[in-house]
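Observations on the three-dimensional arrangement
Given next are the chains, with one letter for each unit.
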Amino acid sequence: MLLNRCRALPIFSTCFGGCLAKIGVADYTLDGVVLHEFFILQPPMHTMRLTITRFTLSLLAFGLLFVGVAARSQAAFVLQVGQSGVAGISTIAATPGSQIELEYYLTQTGGMTNLNTEGLGSFMFSISTDEFSAGLTHAEPGDFEFTPGFLDFAMVDLIDNSLEVGSIGDIANDGLSAIPVFIPAPQNSILLGRSRFNVAANASGDYNVSLDPAPFLAFTLGPDIFNSVPVASGGAVVRVTAVPEPTTGLAIGGAVALLWLRRRRKNARLANDR
């Protein structure tokens, strides 16, 4: 029996790329007759987990596109910018030529407790800066750090000035459900991740950072990847202020001291004249 060739054909792929499994086809020749033997090739476990994650996120995206947002309009959720564990900061201070780290939160308002009782199953949103602005730019997309509990090999993609990120708590054994991430009560904000920005050496003034949910992907609660909730956009202003040079600071300090001495002498003369 002569082995002519052996090839692998993908039997399933997702819209995000990747192959869940392949069919192996071996062609043999026996007594002038061509025979075909089929077998299943299974990829490495880390490849399967990555593909399953992409597949789950794609199902969520298409499900929301055709099914629509579930009836949870009363749930008030908003994206927020934070720093050092504090969510909802509206103005971030920065200096020219520096690098800053921002945190991204999903916050429940109006007395909601879903993040405490159901947990966050998955999310997908964009982080955008002012268009065509060179004053404030994303660091490398790989610098985005997902918070512990969310898969860290999920989607991160930089398009123009917009960083697209998305992840899921984890994949359940059935491959189609999420393992949600919870926050303890009475906390109302869950940390999604953090990333860094480069501040240009000539930057000055205010720069906007906007957080927007993906068009067809609302955030989901609990294990059901179709249990979506409406989420409001958020953001913050990065205010870049130059720090005075040491020589400039000394000059200002000297001028202030000189004015003080002059005023003191003038007051002393007035006192003597009396």
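This structure is a prediction, so every number in the text was calculated from the model and none was measured. (Residues numbered from 1 in each chain as written. Predicted model: local features only at pLDDT ≥ 70, side-chain atom pairs only at ≥ 80, totals over all residues. Heavy atoms only, no water.)

**Some words on the nonpolar core**
Threshold: Side-chain atoms within 4.5 Å link the members of a nonpolar core, which is a set of buried Ala, Val, Leu, Ile, Met, Phe, Trp, Tyr and Cys residues. Exposed residues in this analysis have more than 50% of their type's maximum accessible area, buried residues have under 20%, and partly exposed residues fall in between, with area computed by a 1.4 Å probe over protein chains only. In this analysis, two residues are considered to be in contact whenever any of their non-hydrogen atoms come within 4.5 Å of each other.
Core analysis: the biggest nonpolar cluster contains 38 residues, and Leu106, Leu120, Phe125, Ile127, Ile190, Leu192 and Phe219 have the highest contact counts within it. Apart from residues lying up to four places away in sequence, Ile127 is in contact with Tyr104, His138, Phe144, Asn161, Ser162, Leu163, Ser195, Phe197, Val209, Ser210 and Leu211. Core analysis: the next-biggest nonpolar cluster, separate from the first, contains five residues, Leu151, Ile168, Ala178 and Ile225 among them.

**Focus on the confidence of the model for the protein**
Convention followed: Across the chain, each position has a pLDDT score giving the predictor's confidence in that residue, from 0 to 100. Numbered from the N terminus, helices here are DSSP runs of H or I no shorter than four residues, and strands are runs of E no shorter than two.
Taken over all residues, the pLDDT of the protein has a mean of 77, while the share at 70 or more is 61%. Mean pLDDT per element in the protein: strand β1 (residues 2-13) is the minimum at 43, and strand β6 (residues 91-94) is the maximum at 98. Scored below 50 in pLDDT, residues 5-23 makes 55 contacts in the model with residues more than four places away or belonging to other chains. Of the regions scoring below 50 in pLDDT, residues 38-44 engages in 20 contacts with residues more than four places distant in sequence or in other chains.

**Quick word on unusual backbone geometry**
Omega for the peptide link from Ala185 to Pro186 comes to 5°, which places this bond in the cis form. Within the fold, Pro186 resides in the loop between β12 (162-168) and β13 (189-199).

**Regarding the pairing of strand β18 (residues 234-240)**
Inclusion rule: DSSP calls a pair of strands paired once it identifies at least 2 bridges connecting them.
As judged from the four bridges shared by β6 and β18, these two strands associate in the parallel manner. Looking across to β18, one finds that Ile92 is bridged to Val238.

**Thoughts on the side chain of Ser177**
To keep things clear, this is the line we draw: Throughout this description, a polar contact denotes any pair of N or O atoms lying within 3.5 Å of each other; where both atoms belong to protein, one of them has to be capable of donating a hydrogen while the other can accept it, and for residues adjacent in sequence the pair is counted only when both atoms sit in side chains.
Examined against the element boundaries, Ser177 turns out to sit in the loop between β12 and β13. According to the relative accessible area criterion, Ser177 is buried, its value standing at 18%. Engagement of the side chain of Ser177 in a polar contact is seen with the side chain of Asp174, the distance being 2.8 Å. Beyond its immediate sequence surroundings of up to four residues, Ser177 is in contact with Asp170, Ile171, Ala172, Pro223 and Ile225.

**Side note on the pattern of salt bridges**
What counts here: By definition, a salt bridge exists where a carboxyl oxygen of Asp or Glu is found within 4 Å of a side-chain nitrogen of Lys or Arg.
If you walk through the whole model with that rule in mind, you get six salt bridges. One salt bridge connects Glu103 with Arg194, and the closest N-O pair in it is separated by 3.4 Å. On the criterion of sequence distance, the pair formed by Glu103 in strand β7 (residues 99-108) and Arg194 in strand β13 is long-range, its members being 91 residues apart. In this structure Arg194 comes out as buried when scored by relative accessible area, which is 17%. Among the ionic pairs, Asp206 bridges to Arg239, the shortest N-O distance being 2.8 Å. Linking Asp206 in strand β14 (residues 205-213) with Arg239 in strand β18, this pair joins segments that are 33 residues apart in sequence. Take Asp206: its relative accessible area is 43%, and that puts it in the partly exposed class. Relative accessible area serves as the criterion here: at 40%, Arg239 is assigned to the partly exposed category.

**Overview of the packing of aromatic side chains**
So the rule is basically this: Two rings from Phe, Tyr or Trp (for Trp, the six-membered ring) form a pair when their centres sit within 6.5 Å of each other. Planes less than 30 degrees apart are called stacked, planes more than 60 degrees apart edge-to-face, and all others tilted.
Applying the stated rule across the entire model yields eight aromatic pairs. Ring geometry for Phe123 against Phe125: centres 5.9 Å apart, planes inclined by 45°, an arrangement best described as tilted. Both residues of the pair, Phe123 and Phe125, belong to the buried class. Ring geometry for Phe123 and Phe146: centres 6.2 Å apart, planes at 40°, overall tilted. With Phe123 in strand β8 (residues 120-129) and Phe146 in strand β10 (residues 145-146), the pair connects residues that are 23 residues apart, well separated along the chain. Site record: aromatic cluster; members linked through ring pairs are Tyr104, Phe123, Phe125, Phe144, Phe146, Phe150 and Phe219.

**Concerning the side chain of Thr107**
Structurally, Thr107 can be placed in strand β7. At 2.7 Å, the side chain of Thr107 and the side chain of Gln80 are in polar contact. Aside from chain neighbours lying at most four places away, what touches Thr107 is Ala76, Phe77, Val78, Gln80, Asn188 and Ser189.

**Notes on the pairing of β13**
Across the eleven residues of β13, eight count as buried, placing the element largely inside the fold. As paired strands, β7 and β13 are joined by nine bridges and run antiparallel to one another. The residue bridging Leu102 from the neighbouring strand is Ser195, located in β13. Note: strand β9 (residues 136-138) against β13, three bridges, orientation antiparallel. Bridge assignment links His138 to a residue of β13, and that residue is Phe197. Where β10 lies against β13, two bridges are found, and the strand directions are antiparallel. Residue pairing in the sheet places Glu145 in a bridge with Arg194 of β13.

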